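A closer look at the structure
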Amino acid sequence: MKINSNELEGKLKQQIEGVYIFSGNEPFWLDEATSTVQNYAAKAGFGRDNTYSFSDDELKTDELIEAMTSPGLFADRVLVKLKIKDLKVKGKKLLEICSECINPSLLLIIQIPRLTLAELNKNKPLNFLADHGIISIFYDPDQRLITDFLRRRAASLGLNLNQGALAILYSAYEGNVEGMVQILQKMELCGIKGTVTEDLIRTHISADNHFSAFDYIEALIDPRVTVERRLQIMEVLLENGITAMDLVTRTGTALSTLHEMRTILDTVGNLDGYFAGHRLLKGYTAKRPMYLNGARNTDLRELHHLIDLLTKADFMARSFRDEEAVMILKEIAAALSRKTLRLYPDD
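Residue indices follow the written sequence of each chain, beginning from 1 at its first position. Local features in this predicted model are restricted to residues whose pLDDT is 70 or higher, and side-chain atom pairs enter the listing and the counts only when it is 80 or higher, whereas totals over whole chains, interfaces and linings include all residues. Hydrogens are left out, water is left out, and the side-chain values use all remaining heavy atoms of the structure.

**Here's the deal with the overall build of the chain**
Broken down by element type, the chain carries 17 helices and eight strands. Expressed as a percentage of contacts within the chain between residues at least 6 apart in sequence, the contacts between residues at least 24 apart total 73%. The protein chains shown are the only cover counted for residues, whose accessible areas, like all others here, come from Shrake-Rupley with a 1.4 Å probe. Put simply, the chain shows about 17700 Å² of open surface, and 50% of that area lies on carbon and sulfur atoms. Working definition: helices are DSSP H or I runs of at least four residues, strands are E runs of at least two. Numbering for both runs from the N terminus. Throughout, a residue-residue contact means that at least one pair of heavy atoms, one from each residue, lies within 4.5 Å.

**Section: the packing of aromatic side chains**
Paired rings are identified among Phe, Tyr and Trp, the last through its six-membered ring, by centres lying within 6.5 Å, and are further divided according to the angle between planes into stacked (under 30 degrees), edge-to-face (over 60) and tilted (the rest). Summed over all chains, the structure comprises three aromatic pairs. When the centroid spacing of 6.5 Å and the interplanar angle of 35 degrees are considered together, the rings of Tyr20 and Phe22 count as tilted. Per residue, the accessibility class of Tyr20 equals that of Phe22, and both read buried. In this analysis the charged atom, NZ for Lys or CZ for Arg, is taken to sit over a ring once it is within 6 Å of the ring centre and within 35 degrees of the ring normal. Lys43 extends its terminal NZ or CZ atom over the ring of Tyr40, reaching a point 5.4 Å from the ring centre. Buried, partly exposed and exposed residues are distinguished by accessible area as a fraction of the type maximum, computed with a 1.4 Å probe on protein chains only: under 20%, between the cut-offs, and over 50%, respectively.

**As for the nonpolar core**
Nine residue types can take part in a nonpolar core, namely buried Ala, Val, Leu, Ile, Met, Phe, Trp, Tyr and Cys, and a core is a set of them joined through side-chain atoms within 4.5 Å. One finds Leu150, Leu161, Leu169, Ile201, Leu271 and Ile332 to be the most contacted residues of the largest nonpolar core, which totals 83 residues. Per-element accounting of this core gives the leading share, nine residues, to helix H13 (residues 244-267). If you look at the next biggest cluster of nonpolar residues, it comprises 26 residues, including Leu87, Ile97, Ile112 and Leu115.

**A few points about the confidence of the model for the chain**
Chain-level statistics for the chain give a pLDDT mean of 80 and a share of 85% at 70 or above. The model gives residues 339-347 a pLDDT under 50, and that stretch makes 17 contacts with residues more than four places away or in other chains. The pLDDT value tells you how sure the predictor is about a given residue, anywhere from 0 up to 100.

**Looking at the pattern of salt bridges**
By convention in these notes, a salt bridge is any Lys or Arg side-chain nitrogen within 4 Å of a carboxyl oxygen on Asp or Glu. Scanning all chains against the criterion turns up 10 salt bridges. One salt bridge in this structure joins Glu188 and Lys193, with 4.0 Å as the shortest N-O distance. With a relative accessible area of 29%, Glu188 lands in the partly exposed category. Exposure remark for Lys193: the relative accessible area of 52% places this residue in the exposed category. Lys330 is the salt-bridge partner of Glu235, the closest N and O atoms lying 2.7 Å from each other.

**Side note on the environment of Asp62**
By the secondary structure assignment, Asp62 is in helix H3 (residues 61-69). A residue is classified by how much of its surface remains accessible, and Asp62, at 62% relative accessible area, is exposed. Each C-alpha atom of the pair Asp62 and Ile97 lies 9.9 Å from the other, and the pair is 35 residues apart in sequence.

**Some thoughts on unusual backbone geometry**
The phi dihedral of Phe320 is positive, around 65 degrees, even though this residue is not glycine. Overall, the relative accessible area of 75% leaves Phe320 in the exposed class.

**Here's the deal with helix H4 (residues 90-101)**
In a helix, the anticipated span is given by 1.5 Å times the number of residues less one. Over its 12 residues, H4 extends 17 Å from the first C-alpha to the last, a length consistent with the 16 Å expected when each residue adds 1.5 Å. Residues of H4 that are buried: Gly91, Leu94, Leu95, Ile97, Cys98, Ser99 and Cys101. Its buried side turned inward, H4 meets H3, strand E4 (78-83), strand E5 (106-112) and helix H6 (124-130).

Structure follows, in structure tokens:
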């Protein structure tokens, strides 16, 4: 049976046994769904002593088979959680094992990458397992759904995010819900309650991440930031696991923002309307002068040249030539400084 994520709790209230397959590319949503099933399972007699976790990172087929076919130490109900990243080789073998070991005392929760319906229909083990339970495919929610979720999660922790703080949190993590929730949990652990302002959220983001995506994008936009500072942020992000492709995307965000603002400046003469409709700047007026200075520091001819360079960096990153991609990104970072540095002397 295929259901959407909103129908999950209704299904759990009716019946908890069987197979639950969660498919998606955002680990946070998969873990949230798994936790929801576990909470209902605990009430139905699936105890912690009879809960087992496996993944295809470390293939333990014998232990998996034993866990799925054993009635457990203290009860006749067993919960097995299985995370699969590679559905073609390791994952396929594990799914075949699961298909052979299904039994009435087993509750099986499987997390897999997001599949299209066509891919799902071609996967015989998954189809077989779905016939013995449910499969729910998690698509990337839009910004409104994520911000609504963040408000509810913050409220459950005694926090009230104002509009500016919410916008900064969302921008800093670019839709990484797990990272955003961790910031909220950290603030709650620090004893913070009540309204969370822009300054307060920035303090906790910066302290936790050293540099965030938001810091990097703003560093490219702000003409006062030195080249050395931009390169430092870039290197720290790379050391912390951010990929060259991620940096290409974030550099693109900065360039598209500058291009939009510069175009409006050249046609309208001011950015008042742009700021009024911006998800962050409409409530965070202190940042507006920095964005305005960034727009004034560039012209469309330069931006078109930098966007061409970014296209080359994108090609390099997609071709797994990360070092070459990063070198181009550094060139772009230098070009966006005040006019003491130029890409080409004839520009």
